[in-house]
Structures are given as structure tokens and as C-alpha cells.
Amino acid sequence: MIIRKILFLWIFLLFAFQSVLPTSLAEQFKQAGYLEICDTQHGTATFNSLYTYFDELIEFLQTNPVWAQKLYSAKERFIRSKDRDYYSTDFFGFYDESQREGRNQISFYYSTHFHEFICSHYPEFNRVPEIIRFLQACFEIQKSYDNLFNEAAAELGLGTIFSSQHGHPPILFKVIKYFPSYSVTRPHYDGTAFSLFLDSTDNQSLLLSPYKSSFAVDDFSSPVREFPRWYNQNSILLIPGVLLTEFSIYPTPHIVAQSGKIRYATIAFAMRPNYISQKTEFASLPNFKY
Ligand SMILES: [Fe+2]
């Protein structure tokens, strides 16, 4: 009887202790694939106006193809500049895939260096309010997240991963508009160190799974959010991308499922400065078209 009581006490203490101990970030990524954070800096007010500016930009570029071409030329010049290496990617600027079957989305990849490049090399952009308002809104929002990425890296014991002469992580800030006909069949891994899902007008469509050696469709689900999307706060999700594999942090695959609605989303990607990607094979991802 006494032995049973001691055993019971032991089990109780073990559970009580585990619930008090904070889970490390590495363990959280391993178990859940993501960390949810309550963002009290920006909420619906900020992001809804960002999406309004984005719609104005889309309308402007679709009705003024000369400016769309000029923006594309600016991107082509930027990816040949030295600043491009800081981001270790060629994704910058405006991507209109609204008419491409399945993709049916329009996105913009913003970075501070690309923004500065446009304003200094193409001063005529400064006279187009549809372009400048959107770039300025991106600038204001993305600068809030430097610290979060630095803290996440430090927590994983990777404090120097973002070290460079720029003094902050290379952030690619992406705004996307999905159209009702959007329908992608497979999840993917992000080519980033971290991806931070900042906002979307439909959280339910984002499905993810912690990393495994093999995946089935049923492994993917929409994270249950503790924090609601409100006027002045938001639920944001941090996941690891493929650029931390050398530190035994594996990427979280994810997919935006078809919702049949217009959906806006904003994501901040933390890249690795001057990084040459190594080819790594990850577990293959299931086909969602069944
Ligand atoms: Fe992604």
C-alpha cells in the first residue's frame, strides 16, 4: 500500500514538474513544429491597411505594365548587386501569378536593401504613391521583428548565425494575396533559417506538421491558436526552415490549403547572410489532391 502511495506521489511530482519546466525552443520545434507568440505590436489595424495598400499596388501595376516592367528591371539589377548576397536569394519584388493555374496568387518580396536600391537608382518611383505607400508600410512592419529572430537564434545556441556588418538579420518580408481558384497540391519546406507567419485573413487554411521521417496527408493540421487576431494584437507562428539543418534543427513542412476565398497573408523570412545553400534531402511530402 505504502509503495503504491509513493509510486503515485512520484508520478504526480513528475507530471507537476514537467508542466512547470519550460520547453526549450528546439524541443518545441521537434514536438509541435512551431512556436506561437502573441504579437502586441501589430494587429488587424496594421495588416488590413497593408492589404489595402497591396491591392492599390496590384491595381496600379496591372493597369500600368510599363511600371511593372520597370520594377522588374530594378529587381534584375538588384540581384546583380553586392547587397543581394546578404539575403542569399533572388526573390525580390512583384510576382503576379494570378493567371497561373493552381498558383493563382500575387506576392511581393520586400527587403530594406531592395527598397533603398529602388529609391536611389529609380527616383521616379518616389512620385508614385501606390508604390511608395506600400513599400513604406512594409518597412514599418518588418523592422519590429529583428529582435525576435535574434532571440530565437540565441535560444537555440546559434547567437552568431545572423552576424554581419549590417547588425540585424536579413529579413525578407512577403505579402501574398491568394485568389479563390488557388489550389496547390503539395506542402513545402521554406528555404529560410526561420519563417514567421505574421498575419493572415484566414488562419485555418495554414496546415503544418512537425518534421518526421515520412509524411501522410493526415499529419498536417491547422495549429490551435491561443491568441486571437484583434485590432491591436495577433497570433504569430515561428517555424524553422531548411537553413538550420546543420545544427540538427529540421524544417517544418506546411501548406496553404484551398479555401475558395480571397486570402491575404504576411510572412517574415529570416535568411542567412552570405550563405551558400547546401543540397540536403528531406522527407518527401504527400499529395493533397485525392
Ligand atoms: Fe512556405
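Above this text sits the structure in question.
Residues numbered from 1 in each chain as written. Predicted model: local features only at pLDDT ≥ 70, side-chain atom pairs only at ≥ 80, totals over all residues.

### Overview of the sheet that holds strand 5 (residues 194-200)
Heads up, the condition is: Strands are labelled as partners when DSSP assigns at least two bridges between them. The helix count covers DSSP runs of H or I at least four residues long, the strand count covers runs of E at least two residues long, and both are numbered beginning at the N terminus. Here an axis means a line fitted to C-alpha atoms, over the contact stretch when the element is a helix, while the angle between two N-to-C directions is reported on a 0 to 180 degree scale.
Sheet architecture is open: seven strands sit in the order 1-7-5-9-4-3-2, paired in antiparallel fashion. Edge positions in the sheet fall to strand 1 (35-39) and strand 2 (93-97), since each of these pairs with one other strand and no more. Along the sheet, successive strands turn relative to each other by an average axial angle of 20 degrees, direction set aside.

### Brief notes about the nonpolar core
So the rule is basically this: Note on terminology: a nonpolar core is a set of buried residues of type Ala, Val, Leu, Ile, Met, Phe, Trp, Tyr or Cys, with members joined through C-beta atoms within 7 Å. A residue is called partly exposed when the number of other C-beta atoms within 10 Å of its own lies between 12 and 20, exposed at 12 or fewer, and buried at 20 or more, with C-beta atoms placed from the backbone. Note that contacts rest on C-beta atoms placed from the backbone: two residues are in contact if these are within 7 Å.
One finds L50, F54, F134, F194, L196 and A268 to be the most contacted residues of the largest nonpolar core, which totals 64 residues. Looking at which element gives the most residues to this core, the answer is helix 3 (residues 44-63), with seven residues. Among all residues touching L50, those that are not within four sequence positions of it are A137, I141, V175 and T266.

### Brief notes about the packing of helix 4 (residues 65-78) against helix 6 (residues 112-121)
To keep it simple, the criterion reads: Roughly parallel here means an angle under 35 degrees, roughly antiparallel means over 145, roughly perpendicular means 65 to 115, and every remaining angle is called oblique. The sense of a crossing depends on the near helix, which, turned anticlockwise from the far helix by less than a right angle, makes the crossing left-handed and, turned clockwise, makes it right-handed.
Direction vectors running N to C along helix 4 and helix 6 enclose 115 degrees, while the axes themselves pass 10 Å from each other. Put simply, helix 4 runs roughly perpendicular to helix 6. As helix 4 runs across helix 6, the sense of the crossing is right-handed. Contact with helix 4, carried on its side by A74, R77 and F78, involves F114, F117, I118 and H121 of helix 6 and no other residues of that element.

### Structural notes on the packing of helix 3 against helix 7 (residues 129-142)
To be explicit about the condition: Basically, the charged four are Asp, Glu, Lys and Arg, the nonpolar ten are Ala, Val, Leu, Ile, Met, Phe, Trp, Tyr, Cys and Pro, and anything else, Gly included, counts as polar.
As a packed pair, helix 3 and helix 7 sit with axes 9 Å apart at the nearest point and diverge in direction by 150 degrees. Considered as vectors, helix 3 and helix 7 are oriented roughly antiparallel to each other. Relative to helix 7, helix 3 is oriented so that their crossing is left-handed. Across from T46, S49, L50, Y53, F54, E56, L57 and F60 in helix 3, the residues of helix 7 making contact are E130, I131, R133, F134, A137 and I141. Of the residues contributing to the contact of helix 3 with helix 7, the split by class is nine nonpolar, two polar and three charged.

### A short note on the environment of E27
As for its position among the elements, E27 is in helix 2 (residues 25-31). C-alpha separation for the pair E27 and I262, spaced 235 residues apart in sequence, amounts to 35 Å.

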